[in-house]
Amino acid sequence: MQDVLNQLLCSLAAGRAVAFTALVETRGSTPQKAGASMLVFADGSQVGTLGGGCVEAEVKRRALELLHDGERQVLTFQLDHDYGWDDGLICGGRMKMLVDPLRPGDDVAYFEEFARLLNDGAGCTVAVALDDEGSALPAADQFLFDGDSNLVACRGAAEGAGVVAGQLRPLGERPRPYVAEHVSYLPHLPRCRLIIVGGGHVGWKVAQLAADVDFDVTVIDDREE
């Protein structure tokens, strides 16, 4: 997610429109779980993945349509014969996708704050309204809470934040993505610190792998090299 957000902000700063897409809810068997994200650009290129296959292709198609003159939406896909007959992807589950089209000049304060929290490793939770009726919030409204459960940014009506905050689980409980009252909650846990004692061949490889999966890495060794 961190790389996706950084590339989103760089693209908009360069005058390039982009659609931010995210998997916000899954039920049953699905090829990917909630929290996955992907950027779609006007030329059809992408960064990240929502699990591949025909659903990802359909999300990209809808994102390209919305990039021209559309608003953000939550799309629902049932993984049955409608979306799986051509490549065998008949998982039987359900996936809900957020599609948020952004154009140069749009307000990106929400994404800037989101990127800052992830870059700092502080942890945060994103809440996304899934539908108008169940949540009493406009579908695809987004709310960003910091690691202390404080609202720091939103895309949509800030008045709905109180309702959303009432279902928020503390990051200290290490929650997985969950849905409550038709709102999807996507926790991003604080970055963990890994201390590796010994900078030999094994320690060096472990440090590389740990950095790739977003640990803060410290290597301790009394040899200068």
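It should be emphasised that the depicted structure is a prediction, and the values quoted were computed from it without experimental measurement.

Novice: For this particular structure, what's the right way to read the overall build of the protein?
Specialist: Across its full length, the protein carries 7 helices and 12 strands. Its C-alpha atoms give the protein a radius of gyration of 19 Å, within 12% of the compact-globule value 17 Å for 225 residues. Taken across its 225 residues, the protein has 42% of its residues classed as buried. As displayed, the protein has an accessible area near 11,500 Å², and 49% of this comes from carbon and sulfur atoms. For the protein, the distance from the average position of its 19 positive side-chain charges to the average position of its 34 negative side-chain charges is 4 Å.

Novice: It is not clear to me how the confidence of the model for the protein should be interpreted in this structure. Could you clarify?
Specialist: As a note on interpretation, predicted positions should not be read in detail where pLDDT is low. Here the protein averages 89 in pLDDT, while 94% of its residues score no lower than 70. Confidence scores differ between elements of the protein, with helix α3 (residues 81-84) showing the lowest mean pLDDT of 52 and strand β7 (residues 142-146) the highest of 97.

Novice: Where do I start with the packing of aromatic side chains in this structure?
Specialist: Geometry of an aromatic ring pair is reported as the spacing of the ring centres plus the angle between the planes. In the structure shown here, the tally under the stated rule is 4 aromatic pairs. Considering the side-chain rings of F20 and F111, the 5.4 Å spacing of their centres and the 65° angle between planes classify their relative orientation as edge-to-face. Of the two residues, F20 is situated in strand β1 (residues 18-27) and F111 in helix α4 (residues 109-120); the sequence distance between them amounts to 91 residues. Like F20, the residue F111 is buried in the burial classification. With a centroid separation of 4.8 Å and 5° between ring planes, the pair formed by Y178 and Y185 is classed as stacked. An aromatic cluster is present here, built from F20, Y110, F111 and F114 joined pairwise through their rings. Note that R169 overlies the ring of Y178, its terminal NZ or CZ placed 3.8 Å from the centroid.

Novice: I would appreciate a short explanation of a negative patch on the surface in the present structure.
Specialist: Residues D69, E71, D106, D107 and E112 make up a contiguous surface patch of negative charge. Looking at E71, the relative accessible area reads 59%, which means it is exposed.

Novice: What exactly am I supposed to notice about the nonpolar core here?
Specialist: What tends to happen in soluble globular proteins is that the nonpolar side chains get buried as a cluster. One finds L8, F20, L39, F114 and L144 to be the most contacted residues of the largest nonpolar core, which totals 29 residues. Of all the elements, α4 adds the most residues to this core, at 6 residues. Once you skip the residues sitting within four places of it in the chain, L8 turns out to touch V18, F20, L39, L102 and F111. Counting residues in hydrophobic clusters, the runner-up holds 18 residues, among them L23, V55, L79 and M97.

Novice: Teacher, can you tell me more about the sheet that holds strand β4 (residues 73-78) here?
Specialist: The strands that make up a sheet are held in pairs by hydrogen bonds between backbone atoms, and each pair lies either parallel or antiparallel. One open sheet accounts for 5 strands, arranged β3-β2-β1-β5-β4; its pairing is antiparallel. Each having just a single partner strand, β3 (46-48) and β4 make up the two edges of the open sheet. The mean angle between the axes of side-by-side strands here comes to 20°, regardless of whether they run parallel or antiparallel. Sitting on the sheet, helix α2 (residues 53-69) is in contact with β1, β2 (37-41), β3, β4 and β5 (94-102), with an inclination near 30° to β5.

Novice: Just checking my understanding: could you explain the sheet that holds β7 for this structure?
Specialist: Here we have 5 strands laid out as an open sheet, ordered β8-β7-β6-β10-β9, and antiparallel in their pairing. Among the strands making up the open sheet, the edge pair consists of β8 (151-155) and β9 (178-180). Ignoring which end each strand starts from, the neighbouring axes of this sheet average 20° apart. Pairing of strand β6 (residues 124-129) with β7, which is carried by 5 bridges, proceeds in the antiparallel orientation.

Novice: When you look at the pairing of strand β10 (residues 183-188) in this model, what are you seeing that I'm missing?
Specialist: In the case of a regular strand, side chains alternate between the two sheet surfaces. The buried fraction of β10 amounts to 6 of the 6 residues, a majority that puts the element mostly inside the structure. Side chains V183, Y185 and P187 project from β10 onto one buried face, and the interleaved S184, L186 and H188 project onto a second face that is buried too. With 6 bridges connecting them, β6 and β10 associate as antiparallel partners. Counted as the bridge partner of A129 is V183 from β10. The pairing of β9 with β10 spans 3 bridges and is antiparallel. What sits directly across from A180, in β10, is V183.

Rules of the game
Residues numbered from 1 in each chain as written. Predicted model: local features only at pLDDT ≥ 70, side-chain atom pairs only at ≥ 80, totals over all residues. Heavy atoms only, no water. Helix = DSSP H or I, 4+ residues; strand = E, 2+ residues; numbered from the N terminus. Rg over C-alpha atoms; globule rule 2.2 N^0.38 Å. Buried < 20%, exposed > 50% of the residue type's maximum accessible area, 1.4 Å probe, protein only. Areas by Shrake-Rupley, 256 points an atom, 1.4 Å probe, with all protein chains shown as cover. Lys, Arg positive; Asp, Glu negative; His and termini not counted. Charge placed at Lys NZ, Arg CZ, Asp CG, Glu CD. pLDDT = per-residue confidence, 0-100. Phe/Tyr/Trp six-rings, centres within 6.5 Å; stacked < 30°, edge-to-face > 60°. Lys NZ or Arg CZ within 6 Å of the ring centre and 35° of its normal. Patch = residues over 30% accessible without salt bridge, like charges linked within 9 Å, V, L, I, M, F, W, Y side chains within 5 Å. Salt bridge = Lys/Arg side-chain N within 4 Å of Asp/Glu carboxyl O. Core = buried A, V, L, I, M, F, W, Y, C linked by side-chain atoms within 4.5 Å. Contact = heavy atoms within 4.5 Å. Pairing = 2+ DSSP bridges. Axes fitted to C-alpha atoms, helices over the stretch in contact; angles between N-to-C directions.

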